[in-house]
Amino acid sequence: MFDIDYLINTFDSALRTLHGVCNSSRPNPAAGIPQPELSDNERKYVADLMRVDHTGEICAQALYHGQALTAKNRHTRRHMLHAAEQEADHLHWCKQRLDELQGHASLLNPLWYAGSFAIGAAAGLAGNSWNLGFIMETERQVQAHLEQHLRQLPKQDQRSRAILRQIREDEIQHADNAMHAGGKPLPESVRRSMKFISRIMTITAYRI
Ligand SMILES: [Fe+2]
Ligand SMILES: [Fe+2]
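Thresholds applied
- Residues numbered from 1 in each chain as written.
- Chains lettered and ligands numbered in written order.
- Predicted model: local features only at pLDDT ≥ 70, side-chain atom pairs only at ≥ 80, totals over all residues.
- Heavy atoms only, no water.
- Donors = N, O, S within 2.8 Å, 3.2 Å for Na, K, Ca; no water.
- Buried < 20%, exposed > 50% of the residue type's maximum accessible area, 1.4 Å probe, protein only.
- Helix = DSSP H or I, 4+ residues; strand = E, 2+ residues; numbered from the N terminus.
- Polar contact = N/O pair within 3.5 Å; in protein donor to acceptor, adjacent residues only side chain to side chain.
- Contact = heavy atoms within 4.5 Å.
- Core = buried A, V, L, I, M, F, W, Y, C linked by side-chain atoms within 4.5 Å.
- Expected span 1.5 Å × (residues − 1).
- Salt bridge = Lys/Arg side-chain N within 4 Å of Asp/Glu carboxyl O.
- Axes fitted to C-alpha atoms, helices over the stretch in contact; angles between N-to-C directions.
- Left-handed = near helix turned anticlockwise from the far one by under 90°.
- Nonpolar A, V, L, I, M, F, W, Y, C, P; charged D, E, K, R; others polar.

A. Summary view of the coordination of the iron ion (ligand 1). The iron ion (ligand 1) binds to the protein through Glu57 (OE), Glu57 (OE), Glu87 (OE), His90 (ND1) and Glu171 (OE); the donor distances cover 1.9 to 2.5 Å. Linear spacing of the donor residues for the iron ion (ligand 1) on their chain is E-x29-E-x2-H-x80-E.

B. Structural context of the coordination of the iron ion (ligand 2). At 1.8 to 2.5 Å from the iron ion (ligand 2) lie its protein donor atoms, namely Glu87 (OE), Glu139 (OE), Glu139 (OE), Glu171 (OE) and His174 (ND1). Between the donor residues of the iron ion (ligand 2), the gaps in sequence give the motif E-x51-E-x31-E-x2-H. Under the relative-accessibility criterion, His174 is labelled buried at 4%.

C. Region of interest: the side chain of Asn28. Its location among the elements puts Asn28 in the loop between α1 (4–18) and α2 (40–70). On the basis of relative accessible area, Asn28 is assigned to the buried category, the value being 17%. Side chain to side chain, Asn28 and Gln96 meet in a polar contact 2.5 Å long. In this structure Asn28 touches Trp93, Gln96 and Ile163, once residues within four positions along its chain are discounted.

D. Spotlight on the nonpolar core. Grouped together as the largest cluster of nonpolar side chains are 15 residues, with contacts concentrated most on Val46, Met50, Leu101, Leu153, Ile163, Leu164 and Ile167. Mapped onto this core, the elements with two or more residues apiece are α2, α3 (74–100), α5 (128–152) and α6 (158–180). The element that contributes the greatest number of residues to this core is α2, accounting for 4 residues. Contact partners of Val46, with chain neighbours within four places excluded, come to Leu101, Leu153, Pro154, Asp157 and Ser160.

E. Geometry of α6. In a regular helix each residue adds 1.5 Å, so 23 residues correspond to 33 Å; α6 covers 33 Å between its end C-alpha atoms and thus fits that length. Regarding α6, its N-cap is Asp157, as a side-chain oxygen of that residue lies 3.4 Å from the backbone nitrogen of Arg159 further along. Two residues or fewer past α6, Gly182 is found with a positive phi of approximately 110 degrees.

F. Molecular detail of the pattern of salt bridges. Evaluation of the coordinates by the stated rule reveals 13 salt bridges. Here Arg26 and Asp170 are joined by a salt bridge, their closest N and O atoms 2.8 Å apart. Of the two residues, Arg26 is situated in the loop between α1 and α2 and Asp170 in helix α6; the sequence distance between them amounts to 144 residues. On the basis of relative accessible area, Asp170 is assigned to the buried category, the value being 6%. In this structure, Arg51 engages Asp48 in a salt bridge whose closest nitrogen and oxygen atoms are separated by 3.1 Å. Placement of the pair is Arg51 and Asp48 together in helix α2, with a separation of 3 residues, close to one helical turn. Asp48 shares its class with Arg51; the two are buried.

G. View of the packing of α2 against helix α4 (residues 109–125). Direction vectors running N to C along α2 and α4 enclose 35 degrees, while the axes themselves pass 7 Å from each other. You can see that α2 and α4 cross each other, and the crossing is right-handed. Across the interface between the two elements, His54, Thr55, Ile58, Cys59, Gln61, Ala62, Leu63, His65, Gly66, Gln67, Leu69 and Thr70 of α2 pack against Asn109, Trp112, Tyr113, Ser116, Phe117, Ile119, Gly120, Ala121, Ala123, Gly124 and Leu125 of α4. Residues of the contact of α2 with α4, tallied by class, amount to 12 nonpolar, 11 polar and no charged.

H. Structural context of the environment of Arg165. Here Arg165 is to be found in helix α6. On the accessibility criterion, Arg165 (40% relative accessible area) is partly exposed. Setting aside its immediate chain neighbours within four residues, Arg165 contacts Leu150 and Gln158.

I. Fine view of the side chain of Asp89. Here Asp89 is to be found in helix α3. Once residues lying within four places of it in the same chain are set aside, the contact partners of Asp89 are Asn23, Ser24, Ser25 and Arg26.

Rendered as structure tokens:
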């Protein structure tokens, strides 16, 4: 049913994602922006926000790879893998900013990766238009979440802001691409469950 090379690649990308061994294909949007002056409390606060965003990008990697594994059509699989490449940029930029802020990645990332991969694989099995609809909804929820973090960042932290703004632009594009590729809006009950799971992720990654 699955191509063995593809399974090995999927396992390899899981390990790379969780060990932070990923490169970005585009320059960091914060390049050239000076380090802001942050108090200890502000630095810790921004690191906590960036830890949540970093975990969100771990989940994005897992969702896209899970969806690509079970996608019923080659075009959709290519679409998933292309988006996953851009998500790898996001993951890398968030980790770089987290390191600059002397923050640490969430200890629960392996758990979130496994759960998100399973959810992504289930979405892939649900068929092409639901699979794409799931992306539309995920990316829209991520966009709303990023907008909230952009409002919460200290005014002077233009480095974190530049990264989150570029990520938001990409997520909007991912949602639009999925819609144009035939994504179907998800039922309200599914959307609510997705919001509930992402709320748990946000709360736990902020603390642990
Ligand atoms: Fe992303
Ligand atoms: Fe995305």
